[in-house]
Structures are given as C-alpha cells and as structure tokens.
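If you want the building blocks of each chain, they are given just below.
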Amino acid sequence: MIDFHCHLDLYPDPEMVVRQADEARIYVLSVTTTPKAWRRTSEMAKDCTRIRTALGLHPELAHERHAELPLFEALLPQTRYVGEVGLDGSPDLKPHAQIQRKVFKTVLKLSSRQGGRVLSIHSRRASDEVLECLRAEPDAGTPILHWFSGSQAQLRRAIDQGCWFSVGLPMSRSDRGRALLASLPRDRVLTETDGPFAQEGNRAVKPSDVSGMADALSSVWNVSASEVRNQLATNLRRLTAYALDTSRQVVPRAGAAVA
C-alpha cells in the first residue's frame, strides 16, 4: 500500500500512527507544513524504512511562516522530498496571494539549485498559477499534484508538463472526481489519504485506509484491483529510483529509455 501524502505529525497520537503504518508495511510520504516541523517529524520515522519525510511550507501558512525560508534552504540538502508546498486560491487566502507566489517560486528555485526534488504540490483553485510556476522552473524536480481538483483542460496541461498525481478516496466519490481519475496517465499515479484532514465517516483517515483507493481506481479504470496495485508499485519504484539519483531532473515515462 502507498500513502503518498499524509500529515503524520498532525494526528493526536502521531507516534502510534507511524508505528501502525510501519507494522502494516505501508509506503508513506509524510509531508510537513512548516520547515520547523521537519526535524521532529523526520525523527519520528527515522527507523521506518518505508516512510520518507518531506520538507514543506504550506501555502495556507505562507503569509505567517515565510520567514522560515532560510531554514527551508538549510534543511533541503537533507531530503529528496519537498511537500506540502504550492498555491491556494481560496477566497479567504486571496489577500496573501503575492506572498504565496513568492514562497512557492523560492521553493522551486531552491529545489532546482539542489538538482531537483520530488515535490508534493497543493493547487486548490490555483492550477494555472501552479503550472506557470512549474514551467518557469523546469529543473525543480518531479511535481506530484496532490488531490488535483482543476478542470479537464488544466489536467491536460498538467499531463503535458509531466506532472504526476496523488489521489485519494474523496476524489472517487463525485462524478467530477471520477472523470478526472479516468483521465489520469496511469503510469504517473500514486495513492494518498491526506490524513488527518480527510475523513472516513466521523474519523480522520489513517494510512491503512489507502487500501480502498485501489478498488476505486479498479472501478474507474475498468481493470482488476491487482492490476491497479501492480501499476502503483511500478510507479513508486520509478519515482523512488529518481529520488535516489541526483543526476536526473525528471522521472522518465513508462517505457522510455533512460540515459
């Protein structure tokens, strides 16, 4: 199982969730929302071979925590994963749009200077702006759009730019979300929970809940759940190979020759 976007540090008992994920042999990308959270969050999973901790500065917090960018720069050489970063165009965050863009552009530029990173990216109501920023920094790494909610036209543009996608059960519960899932390039998809923010009934989802997404994709893609799981595992191997190889800037598409 793969949970490629989860806020492990934000659960009421994060150590327990880390232990459960480790025992269940779930591959987890543990994203953070501020640079100051990275060291402690990384320490929680230091003995877990399937958990990686991403260095983040969430767009909802950019106006409050932009002074942590120097810390972000100092910590970046210690991880191959960046997230959660990006832009958020929600109405209540419009007054902070300028500082969001400054933070995101800086993150991409720093990632480029370090040879590229795997990037877990927030793009709610800001898909075009996120894609413009990515186009301006093509060497920033491999962008993975978390819980993508843009239009079909924006999705096609993201695909053309080489983006990957991490998807969770909430996307499978609406006609619009299922249409997006059906249009994704299957060789650039990973599953996620976005726990503890996403809910299952009246509780926060945990990494183990990601198992239901294979069945959801099986229905949308009209293939068996085992085929979905095999595809996801192949995708993760390719992405992990990139993360460990500092000489490459982008993940080759499935079947592409690797120089």
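What comes next concerns the included structure.

The rules behind each value
- Each residue is numbered by its place in its chain's sequence as written, counting from 1.
- Note on the predicted model: pLDDT of at least 70 is required for a residue's local features to be given, and 80 or more for side-chain atom pairs to be given and counted; whole-chain, interface and lining totals, by contrast, use all residues.
- Hydrogen atoms and water are omitted, and side-chain values are computed over all heavy atoms in the structure.
- Helix and strand assignments follow DSSP, with helices taken as H or I runs no shorter than four residues and strands as E runs no shorter than two, numbered in order from the N terminus.
- Any two residues whose heavy atoms approach within 4.5 Å at even a single point are treated as in contact.
- A strand pair is defined by DSSP finding two or more bridges across the two strands.
- Helix axes are fitted to C-alpha atoms over the stretch in contact, other axes to C-alpha atoms as well, and angles between N-to-C directions run from 0 to 180 degrees.
- Cysteine sulfurs are considered disulfide-paired once they come within 2.5 Å of each other.
- Exposure classes here rest on a 1.4 Å probe applied to the protein chains alone. A residue is buried below 20% of its type maximum, exposed above 50%, and partly exposed in between.
- Angle categories are assigned with fixed cut-offs, so that under 35 degrees is roughly parallel, over 145 is roughly antiparallel, 65 to 115 is roughly perpendicular, and the rest are oblique.
- For any helix crossing, the convention is left-handed if the near helix is rotated counterclockwise from the far helix by under a right angle, and right-handed if that rotation is clockwise.
- Residue type decides the class: Asp, Glu, Lys and Arg count as charged, Ala, Val, Leu, Ile, Met, Phe, Trp, Tyr, Cys and Pro as nonpolar, and the leftover types, Gly among them, as polar.
- Two rings from Phe, Tyr or Trp (for Trp, the six-membered ring) form a pair when their centres sit within 6.5 Å of each other. Planes less than 30 degrees apart are called stacked, planes more than 60 degrees apart edge-to-face, and all others tilted.

Okay, the side chain of H58 next. Summarising the element assignment, H58 is placed in the loop between strand 3 (51-53) and helix 3 (62-65). Setting aside chain neighbours within four positions, we find H58 in contact with T33, E84 and H122.

Before going further, it helps to examine unusual backbone geometry. Going from G83 to E84, the amide bond is cis rather than trans, its omega being 5°. Looking at where E84 falls in the secondary structure, it is placed in strand 4 (residues 81-86). Positive phi is not limited to glycine here, since R25 has a value of about 60°. Residue position: R25 is located in the loop between helix 1 (14-23) and strand 2 (27-30). Residues other than glycine seldom take positive phi values, yet W147 does so here, at roughly 50°.

On to the sheet that holds strand 2. The sheet built from three strands is open, its strands ordered 1-2-3 with parallel pairing. Both outer strands of the open sheet, strand 1 (2-6) and strand 3, are each paired with one neighbouring strand and no more. Between one strand axis and the next, the sheet turns through 10° on average, direction left out of account. Judged from the three bridges that link them, strand 1 and strand 2 form a sheet pairing that is parallel. In the strand pairing of strand 2, C6 is matched with S30. Across the face of the sheet, helix 10 (residues 225-244) comes into contact with strand 1 and strand 2 while running at roughly 60° to strand 1.

Within this structure, the stated rule accounts for zero disulfides. Take C6: it sits in no disulfide, and the sulfur closest to it among the cysteines is that of C48, at 13 Å. With no disulfide partner, C163 has as its closest neighbouring cysteine sulfur the one in C133, 12 Å distant. A relative accessible area of 1% places C163 in the buried class.

So, on to the packing of helix 6 (residues 127-136) against helix 7 (residues 152-160). Interaxial distance between helix 6 and helix 7 falls to 10 Å at its minimum, and their mutual angle equals 15°. One element, helix 6, and the other, helix 7, form an angle in the roughly parallel class. Helix-helix and strand crossings are classified by hand; for helix 6 and helix 7 the assignment is left-handed. Where helix 6 approaches helix 7, its residues S127, D128, L131, E132 and R135 are matched on the opposing element by Q154, R157 and A158. Residue classes in the contact of helix 6 with helix 7 are distributed as two nonpolar, two polar and four charged.

What follows covers the sheet that holds strand 7 (residues 164-167). Spatial ordering of the open sheet is given by 4-5-6-7-8, a layout of five strands whose pairing is parallel. Each end of this open sheet is capped by a strand with a single partner; those strands are strand 4 and strand 8 (189-191). Each strand of the sheet is rotated relative to its neighbour by a mean of 25°, with strand direction disregarded. In terms of strand pairing, strand 4 meets strand 5 (residues 117-122) through four bridges, oriented parallel. Bridging from a neighbouring strand, G86 pairs with H122 of strand 5. The strands touched by helix 9 (residues 211-221) are strand 7 and strand 8; relative to strand 8, the strand with the most contacts, the crossing angle is about 140°.

Another aspect to go through is the packing of aromatic side chains. Here the structure, examined in full by the defined rule, presents one aromatic pair. Look at F148 and F165: their rings are 6.0 Å apart centre to centre, the planes differ by 75°, and that puts the pair in the edge-to-face class. One end of the pair, F148, is in the loop between strand 6 (141-146) and helix 7; the other, F165, is in strand 7, with 17 residues separating them in the sequence. F148 sits in the buried class, given a relative accessible area of 4%. Of the residues examined, F165 reaches a relative accessible area of 1% and is grouped as buried.

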